[in-house]
Each structure stands twice: as structure tokens, then as C-alpha cells.
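Tertiary structure, described
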Amino acid sequence: MKRCKLPTARTLLTLALVGMAWVASSAMAQQRDADQPIEVEADRLDLDDRAGTAVYTGDVDIRQGSMHLTGDRVEFQRNAAGELSRATARGERAYIEQQPDPDQPVIRGWGRTIIYHVAERRVELIDRAELHQGGDTFDGGYLEYFLDRRVVQARAESEGVEGRQRIRMTLQPER
């Protein structure tokens, strides 16, 4: 009978440290924007600290790390812990852009309404919605994009969409 050699404490420690470094680097990629300050330019601000809302109007331009959000009106909502939970941009062509990871192409989105759910890392693009990542494009009435899973859900009709806006998609061949 052949005996299996048990790993040494040093080997186990090395494996644990490598595993922790991998998890930490993945979490850091997702958190790098959240750890940056939010910079806002607008013509007007209405802040209600008790309700946890801030409403910016007039050519709003917001940046946080690689995230860029624009619209005629942008509303921030905070949760009970005081953390940003949702940003809603409205305008003729509201815009959002973010680079999820340094090795991935920038994601760009447009719509008359854009809702970014911060904790879920989910973006809703509503009415005349467009989503571009690399050479791939999606257009339609309603697009929902999950940043971490890279999942797109599209609808021709949805609440907040004027009329029926058929889904169009262009995918570039893999290289």
C-alpha cells in the first residue's frame, strides 16, 4: 500500500495566500470605482439628507473612477446605511460609461432613462436604448445589463418605452 504524502504547513499557507490574493484582486477590480470620489457638475442641486436623495438638474455630468454618467436630470438615492444605492439619469440622450476591468473594453450606454443599481452592478437603459461594448452593439426599447455576469436582456416594449422599439444586435466574430 502506497502512502500519500500530506502537504506541509508551508504548502497550505502558500495555497491559502494565493487564493486570498486572487479573491482580493477580483474584488479590487469591482471596487476600484466605488472607492473613488464622486465628482458632479450641474446647474442645480436639491439635496434632502433625511430622505437620502440628491437631485441634480441642468446638463449634469458625474464621474467616479471609470464611471461617467450624464443627463438633463440625475437623482441619487441612498440606502438606510447611507450608501449610494441607485442613480437615475433622464434626458433626451442620457449616457453611462464604465470600464468594468482594465482588460475589458469600455461599456457605453444611452437611453432616455438610465438606472444604475449600485449593489447589483446592474444597468437599465430605457427608451431608445443602446449598449456598446467593444464592437458588439444592442439597440431596442429596453436593455438591462449585468456588469459582472456580462448578461444582456432586451425587450422591444416595456414600461417607460414609447411605442415598440425592435431589438437589434450586432456581434463581432471572436478573434
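Up top you'll find the structure we're talking about.
Keep in mind the model is a prediction, meaning the values are calculated, not measured.

As a further point, take the overall build of the protein. Secondary structure assignment for the protein yields one helix and ten strands. Within the protein, the fraction of its 175 residues that count as buried is 35%. Long-range contacts, defined as pairs at least 24 residues apart, comprise 37% of the intrachain contacts of the protein with a sequence gap of at least 6. Entry remark: accessible area of the protein is about 11,600 Å², with carbon and sulfur atoms responsible for 51%.

A few words now on the layout of surface pockets. Taken as a whole, the second largest pocket encloses approximately 340 Å³ of empty space. Taken together, 16 residues make up the lining of the second largest pocket; nearest its centre are Pro-105, Gln-133, Gly-134, Asp-136 and Arg-150. Tallied by class, the residues present in the lining of the second largest pocket amount to six nonpolar, six polar and four charged.

Our next topic: the pattern of salt bridges. As enumerated under the stated definition, the model contains 15 salt bridges in all. For Arg-112, the salt bridge identified is with Glu-162, shortest N-O distance 3.2 Å. Here Arg-112, found in strand E6 (residues 107–117), pairs with Glu-162, found in the loop between strand E9 (151–155) and strand E10 (168–170); they are 50 residues apart in sequence, far enough to count as distant. A residue is classified by how much of its surface remains accessible, and Glu-162, at 55% relative accessible area, is exposed. For the salt bridge of Glu-157 with Arg-164, the shortest nitrogen-to-oxygen distance reads 3.4 Å. The class for Arg-164 is exposed, based on a relative accessible area of 53%. Each member of the salt-bridge network shares a partner with another, and the members are Glu-92, Arg-112, Asp-127, Arg-128 and Glu-162.

For the rest of this paragraph, the subject is the environment of Gly-52. The residue Gly-52 is located in the loop between strand E2 (44–48) and strand E3 (53–64) in this model. Given the relative accessible area of 14%, Gly-52 is considered buried. It is 8.0 Å that separates the C-alpha atoms of Gly-52 and Phe-76, two residues lying 24 residues apart in sequence. Sequence-distant contacts of Gly-52, that is, excluding residues within four places in its chain, are made with Phe-76, Gln-77 and Arg-78.

Looking at chain direction, strand E1 (residues 39–41) and E3 are connected through three bridges and run antiparallel. Residue Glu-41 lies in a different strand from E3, and its bridge partner there is Asp-61. Sheet topology places E2 next to E3; five bridges connect them, and they run antiparallel. In the sheet register, Arg-44 faces E3, and the bridge partner there is Thr-57. If you look at the hairpin formed by E2 and E3, you'll find four residues sitting between the two strands, and Gly-52 has a positive phi there, around 75 degrees. Direction of pairing for E3 relative to strand E4 (residues 67–78): antiparallel, over a ladder of ten bridges. Opposite Thr-57, over in E4, you have Arg-73 as the bridge partner.

So, how was this worked out
- Residues numbered from 1 in each chain as written.
- Predicted model: local features only at pLDDT ≥ 70, side-chain atom pairs only at ≥ 80, totals over all residues.
- Heavy atoms only, no water.
- Helix = DSSP H or I, 4+ residues; strand = E, 2+ residues; numbered from the N terminus.
- Buried < 20%, exposed > 50% of the residue type's maximum accessible area, 1.4 Å probe, protein only.
- Contact = heavy atoms within 4.5 Å.
- Areas by Shrake-Rupley, 256 points an atom, 1.4 Å probe, with all protein chains shown as cover.
- 1 Å grid on protein atoms, 1.4 Å probe; cavity = no way out; pocket = protein on both sides within 12 Å on 5 of 7 lines; lining within 4 Å.
- Points joined across faces, edges and corners; volume = space filled by probe spheres on them.
- Nonpolar A, V, L, I, M, F, W, Y, C, P; charged D, E, K, R; others polar.
- Salt bridge = Lys/Arg side-chain N within 4 Å of Asp/Glu carboxyl O.
- Pairing = 2+ DSSP bridges.

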